[in-house]
Amino acid sequence: MGGDGILGIRDAGAAGAATKSSGSTERRSKWLKRRETWLVVLGVVLHAVYMLSIFDIYFKSPIVHGMDPVPPRFQAPAKRLVLLISDGLRADKFFEPDSEGNYRAPFLRSIIKGQGRWGVSHARPPTESRPGHVSIIAGFYEDPSAVTKGWKANPVEFDSVFNRSRHTFAFGSPDIIPIFCSALPHSTWNSYPHEFEDFATDASFLDEWSFDQFQSLLNRSNEDPKLKQLLLQDNLVIFLHLLGCDSNGHAHRPYSSIYLNNVKVVDRIAERVYNVLESYFNDNQTAYVFTADHGMSDKGSHGDGHHSNTDTPLVAWGAGVRHPMPMSSNKHSDLGDRFIDEHVHDMPTPIEWGLDGIERVDVNQADIAPLMSTLLGLPCPVNSVGNLPLDYVKLNEAEEVEAVLANTKQILNQFLRKSLLKQSSSLRFKPFKPLARYSLVLDQIEHLISVRDYGAAMKLSQSLRSLALKGLNYFQTYDWMMLMTVVTLGYTGWMIYIILHVLQSYTAFPGKLPTKEQTLQLRNNSGMVHLCGYLLMGCTCILLLLEHSPPLYHVYAAMTGFLWTRIFSELQFLKALWRDLLERQSIYIAKLVATCAVSLVILEFLVHSFTERKLYTWCFLIVGVIAAVHLYYSISWKSGIPIFVWFSCWFLSTFTLLPTEIPDNTLLVVASGAIIIVIGGFATYVDLHAEANKYWHGLLNHEAKKPRFPMLFYLQALLVGLSSVMVPLSTSHRTEKQELLALHQLTNWSIAGFSMVLPLFSSTGLLSRLTSIFLGFAPTFLLLSIGYEPVFYAALGLALMAWILYENTLLYISKMKRSSTLSKAREDNIILDSGDRCLQLSDMRIPLTFMVLFNVAFFGTGNFASIASFEISSVYRFITIFSPFLMAALLIFKLFIPFMLVICAFSAITKLIRVPRLGCYFLVILCSDVMTIHFFFLVRTTGSWMEIGNSISHFGIMSAQVVFVLLLFALTNIYTKDIQTRSPQQFSQKLM
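Below is a summary of the structure that appears in this document. Owing to the predicted nature of the structure, the values given are computational and were not obtained by experimental measurement.

As for the overall build of the chain
For step 1, the next point in the chain: From N to C terminus, the chain includes 33 helices and 8 strands.
For step 2, the next point in the chain: When each of the 992 residues of the chain is scored for burial, the buried share is 58%.
For step 3, the next point in the chain: Restricting to contacts in the chain with at least 6 residues of sequence separation, those with at least 24 account for 81%.
For step 4, the next point in the chain: Counting only carbon and sulfur atoms, one obtains 62% of the accessible surface of the chain, whose full area is about 40200 Å².

Written out as structure tokens, the structure reads:
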């Protein structure tokens, strides 16, 4: 009797081949274990390396060295400049009035209306503190990987306004000030201890601390002649970093009274700084710039490209700054351009801001650096890509042209340096043709200036600056085509290699392999393929070496060459596979094609679900009905299983309709604890009393190891209840602006740690162990929740139980059919060394269902593809002192808990239906990589930065999935390795 050779069961010949000697079986088992270990390591390395490729392809660091600064040829309008940065201050919260109609920043509003200029500064993601400050102070946008450097106090590795100053005075956060000043010899700076950054308190005192330090400096100068002399020199920069709004926004949200009051504190500090300096110097030679590095989302986070994060206030006044102007159509700005966050120029000012009659001049965040350099008469930072906003500076026509020309030359120098570096390392260099005659354009500009045709000189300078920026982008993307081709071939090769491994190790197809007489020829062909492959890899690496390519380029090429060499070394197997397909009946080919098509449709659905969460709602509504109807016509409805599957799917479908901005709801979190206890109690009751129910029989194994503690369920339920009580107790301190009590903190950590150990002591039956795991992770998840997340946890647990019941029902139906037809001998043979059966074509449903549920666990409570979706207030029941890495670890662990539930259910199902778990794991990786290569081509470099940032994170998430799924498999194996299900003999006896 023939079988499904390719992804099916063995035929008679294949079954006979399975009965080898024990020595041969042991050797094959060891070989398979070594190969799979090697394959897993290769997969982790490959995905880690290829994940880095998007930063070589799309987002390389813009920093180059070796350019000379371009000093401006005009008198500096100001002797000193004060830079005030209110970290995390949203533009709308700064400009809009409060509920009583009073504006929160009366002093700065008086500046806007009487003596300065204003606008919105548009930031570029990642909207984090380090990239934002680098953009303001150095004038360039760090590549997205800079978000990983967010809190590092590393030495200054780029030019900045501070570097060009005579001296810089800086006070503020220990996470920001050292980045720019720790390696700067001509700086005086100080920062407060990290312990001051406590999210449980009102952080506005941090802003007061910065001002007090500056006030103390001025007071000391009256007694220190050297300090006094230093303060009276020109080209000084005074920088106050005001962290209060950021800390209060994280802890209390930007619409809280604490955050909004902090805006008033910042305004008062700006007023006090202005009054103190004007009184101290009394020379009208001080320029002031007030802005923010990023905004704050409604849920108290930042990082992505949402306008609440990218729109920040900008107010400038003092020496060299123009006075307010009424609304006018005459603009210096190029109206054809868009801002870095895709907002258009001349956007209407909201009426509630009360500033619609005053000219608003928006800028890109990087434009602030050349603005500050121009006000001080300093060269622009050599890495700056900002355009000087002329509407802010008060210069005559000749000086305006000179300022723009200096800005243009500085950007052009970067282009020329990049061009030279690329030309020196390229065998076939392709120059940027539009700037081939840049020197003639510079000569023409100088001539126009000499004949005082400033209008024409200005247009030509701005045109040349625009071309220079395009030239910089050209060299940033110079190697695109080559790298994308190599990486695409690498991903394709990896997927083919995974398919070959699954076919060779987990299906019945090895019975079709060449005979022993062909083995010698096979080895000879394999050796020749390896020789040719390694020669090709060597030649490619030599070519890259001659072009002075980065080391990762060699790794990309070598990895791709190695994979395809391994594929071609399996040429005989591929030929045998092709011959087997040709011998198949058309009905089998149709099944194979249909399975592939359905798999691709489901994976494409998952790709689109990354941008449209509501698709999951429709998915589970439809699946709930189809699965329930299928079960209804397959088994008795009185079993309750069809209704349970329908209810579970529909219940889970509601969560992707809920907003990603999770509102605080402590009572819901507490109620969720009760729901989780009820679900756990029901599952425990079924485990103890459903032995006689044939539809549950496969999930129960009362011959399995009994729990060491018979009262384990009651202990776990007690911990869930205790964690529910601790949620409101440890949340109240924050609403009262008090520190987290040490007793509450210790209790929360103890509950979280102890509860996750208890499942190891539960019974090893499938249902009892999974119930214990569900209850074991619930306390930790409850303590990390702020709203509806624990209800989702309960719904996900029900959906996973429905999946297990569905698979158990299919197993029951198949056993019934085999029992009735008396054709069970062949098809129920255990043919793999591990005791599992071969994978069949229909088993593809297991990894596909896993992928859907895994992604639902990812997006069920938010859009975790966005940096800003991580709700930092979730960790405040464990820690309130600012500790970015511990807080990030807690947030990621909260994200992983639903994943671990899904993987535990997946492992249980593979044991239940007796398929190899590692084989299914490799199929999961195959599905992930189909999505990964799709996201690789969806990475965007144009459009809004929200879209660009999300496209990067989507690709990164899928690339990392092979790694963290593997880690979670290893972690959950601690809980699931002891799960015991009924043997096929026990199951058959029950059916009889």
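Read on for the rest.
Some thoughts on the packing of helix H14 (residues 397-425) against helix H15 (residues 438-450)
For step 1, the next point in the chain: Interaxial distance between H14 and H15 falls to 12 Å at its minimum, and their mutual angle equals 170°. The orientation of H14 relative to H15 falls into the category roughly antiparallel. Residues Val401, Glu402, Leu405, Lys409, Leu412 and Leu416 of H14 form the contact with H15, whose own contacting residues are Tyr438, Leu442, Ile445, Glu446 and Ile449.
For step 2, the next point in the chain: Along the lines of polarity and charge, the residues of the contact of H14 with H15 split into 8 nonpolar, no polar and 3 charged.

Observations regarding the packing of helix H4 (residues 106-114) against helix H11 (residues 257-281)
For step 1, the next point in the chain: In contact at an axis separation of 7 Å, H4 and H11 are set at 60° when each is read in the N-to-C sense. Judged by the inter-axis angle, H4 sits oblique to H11. Between H4 and H11, the contacting residues are Pro106, Phe107 and Leu108 on the first element and Asp267, Ala270, Glu271 and Tyr274 on the second.
For step 2, the next point in the chain: Across the contact of H4 with H11, the residue classes break down as 5 nonpolar, no polar and 2 charged.

Some thoughts on the side chain of Thr910
For step 1, the next point in the chain: Considering the arrangement of structural elements, one finds Thr910 in helix H30 (residues 884-912).
For step 2, the next point in the chain: Given a relative accessible area of 3%, Thr910 falls into the buried group.
For step 3, the next point in the chain: Within the structure, Thr910 has its side chain in polar contact with the backbone oxygen of Ser907 (distance 2.6 Å).

Concerning the pattern of salt bridges
For step 1, the next point in the chain: Applying the stated criterion across every chain, the model contains 19 salt bridges.
For step 2, the next point in the chain: A salt bridge links Arg80 to Asp283, with the nearest nitrogen and oxygen atoms 2.9 Å apart. Within this pair, whereas Arg80 is found in strand E1 (residues 80-86), its partner Asp283 is found in the loop between H11 and strand E6 (286-291), the two being separated by 203 residues in sequence.
For step 3, the next point in the chain: Between Glu807 and Arg845 there is a salt bridge whose closest N-O contact spans 2.7 Å.

Section: unusual backbone geometry
For step 1, the next point in the chain: Notably, Asn235 is not glycine yet its phi reads approximately 60°, a positive angle.
For step 2, the next point in the chain: Tracing the sequence through the fold places Asn235 in the loop between helix H9 (225-231) and strand E5 (236-242).
For step 3, the next point in the chain: Not every positive phi belongs to a glycine, and Arg914 is a case in point at roughly 60°.

Brief notes about the packing of aromatic side chains
For step 1, the next point in the chain: Taken as a whole, this structure holds 60 aromatic pairs when the rule is applied.
For step 2, the next point in the chain: Ring centres of Phe655 and Tyr788 lie 6.3 Å apart, and the angle between their planes is 40°; this geometry places the pair in the tilted category. Linking Phe655 in the loop between helix H23 (641-653) and helix H24 (666-689) with Tyr788 in the loop between helix H27 (766-783) and helix H28 (789-821), this pair joins segments that are 133 residues apart in sequence. As far as burial versus exposure is concerned, Phe655 and Tyr788 are alike and both buried.
For step 3, the next point in the chain: An aromatic cluster is present here, built from Phe850, Phe854, Phe858, Phe896, Phe899, Phe906, Tyr921, Phe922, Phe964 and Phe969 joined pairwise through their rings.
For step 4, the next point in the chain: Over the ring of Phe281 we find Arg80, and its NZ or CZ is 3.7 Å from the ring centre.
For step 5, the next point in the chain: Note that Arg584 overlies the ring of Tyr588, its terminal NZ or CZ placed 4.9 Å from the centroid.

Regarding the nonpolar core
For step 1, the next point in the chain: Judged by nonpolar contacts, the single largest core of 159 residues is most densely connected at Phe620, Ile676, Tyr793, Trp803, Phe850, Phe899 and Met931.
For step 2, the next point in the chain: No other element matches the 18 residues that H28 contributes to this core.
For step 3, the next point in the chain: If we skip the residues at most four places from it in the chain, Phe620 touches Cys649, Trp650, Leu652, Ser653, Val852, Leu853 and Val856.
For step 4, the next point in the chain: Judged by nonpolar contacts, the second largest core, of 64 residues, contains Leu184, Ala287, Leu314 and Ala468.

A few points about helix H31 (residues 917-938)
For step 1, the next point in the chain: The terminal C-alpha atoms of H31, which comprises 22 residues, lie 31 Å apart, in line with the 32 Å expected from a rise of 1.5 Å per residue.
For step 2, the next point in the chain: For H31, the buried fraction is high: 16 of the 22 residues fall into the buried class.

Considerations on the pairing of strand E2 (residues 116-122)
For step 1, the next point in the chain: Burial within E2 is extensive, with 7 of its 7 residues counted as buried.
For step 2, the next point in the chain: Pairing between E2 and strand E7 (residues 311-318): 7 bridges, direction antiparallel. Across the sheet, residue Gly119 finds its bridge partner in E7, namely Leu314.

Calculation criteria
- Residues numbered from 1 in each chain as written.
- Predicted model: local features only at pLDDT ≥ 70, side-chain atom pairs only at ≥ 80, totals over all residues.
- Heavy atoms only, no water.
- Helix = DSSP H or I, 4+ residues; strand = E, 2+ residues; numbered from the N terminus.
- Buried < 20%, exposed > 50% of the residue type's maximum accessible area, 1.4 Å probe, protein only.
- Contact = heavy atoms within 4.5 Å.
- Areas by Shrake-Rupley, 256 points an atom, 1.4 Å probe, with all protein chains shown as cover.
- Axes fitted to C-alpha atoms, helices over the stretch in contact; angles between N-to-C directions.
- Parallel < 35°, antiparallel > 145°, perpendicular 65-115°, else oblique.
- Nonpolar A, V, L, I, M, F, W, Y, C, P; charged D, E, K, R; others polar.
- Polar contact = N/O pair within 3.5 Å; in protein donor to acceptor, adjacent residues only side chain to side chain.
- Salt bridge = Lys/Arg side-chain N within 4 Å of Asp/Glu carboxyl O.
- Phe/Tyr/Trp six-rings, centres within 6.5 Å; stacked < 30°, edge-to-face > 60°.
- Lys NZ or Arg CZ within 6 Å of the ring centre and 35° of its normal.
- Core = buried A, V, L, I, M, F, W, Y, C linked by side-chain atoms within 4.5 Å.
- Expected span 1.5 Å × (residues − 1).
- Pairing = 2+ DSSP bridges.

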